Amino acid sequence: MPRVHGVDIPNEKPTYISLTYLFGIGRTSALQICHRLGIDPQVKAGQLSDEDIGRINSLLDKEYILEGQLRRSIQQDIARLRDIRCYRGLRHRRGLPVRGQRTRTNARTRKGVKKTVAGKKGVKDLKH
């Protein structure tokens, strides 16, 4: 497996798909990288020469923020929002949707598993 920027990328997949295994690179970025370096995006990643892998590594080092550095940057941005106590920071702190989605229904990914709350007793139950 070729090692790009500290990550093993799969041999059997096309180069542009293999590059998406890096955190911070999607398909569009991967295709742009291949075209800039003159590498055929459809060539299997295992067939890349050491020179090609070196060129990919040097381009990524110069022009892209990836992996741990990108994760750290995202966490710092969220921490900054929490520290200044803006609305988005409060939503992050409470674990609720940040971008204006509704929460009455359909927020299970952010809110987690349903916590059932006991309902009110009916009028018939109060008379007895």
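Structure first, text after, so check above.
Residues numbered from 1 in each chain as written. Predicted model: local features only at pLDDT ≥ 70, side-chain atom pairs only at ≥ 80, totals over all residues. Heavy atoms only, no water.

Engineer: Can you break down the packing of helix α4 (residues 67-83) against helix α5 (residues 87-94) residue by residue, with the values?
Structural biologist: Two packed helices can be described by the angle between their axes and the distance between those axes. It is the contact of α4 with α5, at a shortest axis distance of 7 Å, that shows an interaxial angle of 110°. The pairing of α4 with α5 is recorded here as roughly perpendicular in orientation. Within the contact between the two elements, α4 uses Ile78, Leu81 and Arg82 and α5 uses Arg88, Gly89, His92 and Arg93. A per-class count over the contact of α4 with α5 returns two nonpolar, two polar and three charged. (Axes fitted to C-alpha atoms, helices over the stretch in contact; angles between N-to-C directions. Helix = DSSP H or I, 4+ residues; strand = E, 2+ residues; numbered from the N terminus. Parallel < 35°, antiparallel > 145°, perpendicular 65-115°, else oblique. Contact = heavy atoms within 4.5 Å. Nonpolar A, V, L, I, M, F, W, Y, C, P; charged D, E, K, R; others polar.)

Engineer: Please provide a residue-by-residue account of the side chain of Arg91, values included.
Structural biologist: Relative to the helices and strands, Arg91 resides in helix α5. One buried charged residue, Arg91, forms no salt bridge at all, with the nearest opposite charge on Asp83 at 17 Å. (Buried < 20%, exposed > 50% of the residue type's maximum accessible area, 1.4 Å probe, protein only. Lys, Arg positive; Asp, Glu negative; His and termini not counted. Salt bridge = Lys/Arg side-chain N within 4 Å of Asp/Glu carboxyl O.)

Engineer: Which residues make up the pattern of salt bridges, and what values do they have?
Structural biologist: Taken as a whole, this structure holds four salt bridges when the rule is applied. Taking the shortest distance from any N to any O, the salt bridge between Arg3 and Asp8 comes out at 2.8 Å. Assessed through its relative accessible area of 39%, Asp8 is described here as partly exposed. Between Glu63 and Arg36 there is a salt bridge, with its nearest N and O atoms 2.6 Å apart. Of this pair, Glu63 sits in helix α3 (residues 50-63) while Arg36 sits in helix α2 (residues 27-37), and the two are 27 residues apart along the sequence.

These results come straight from atomic positions and should not be treated as a statement about function.
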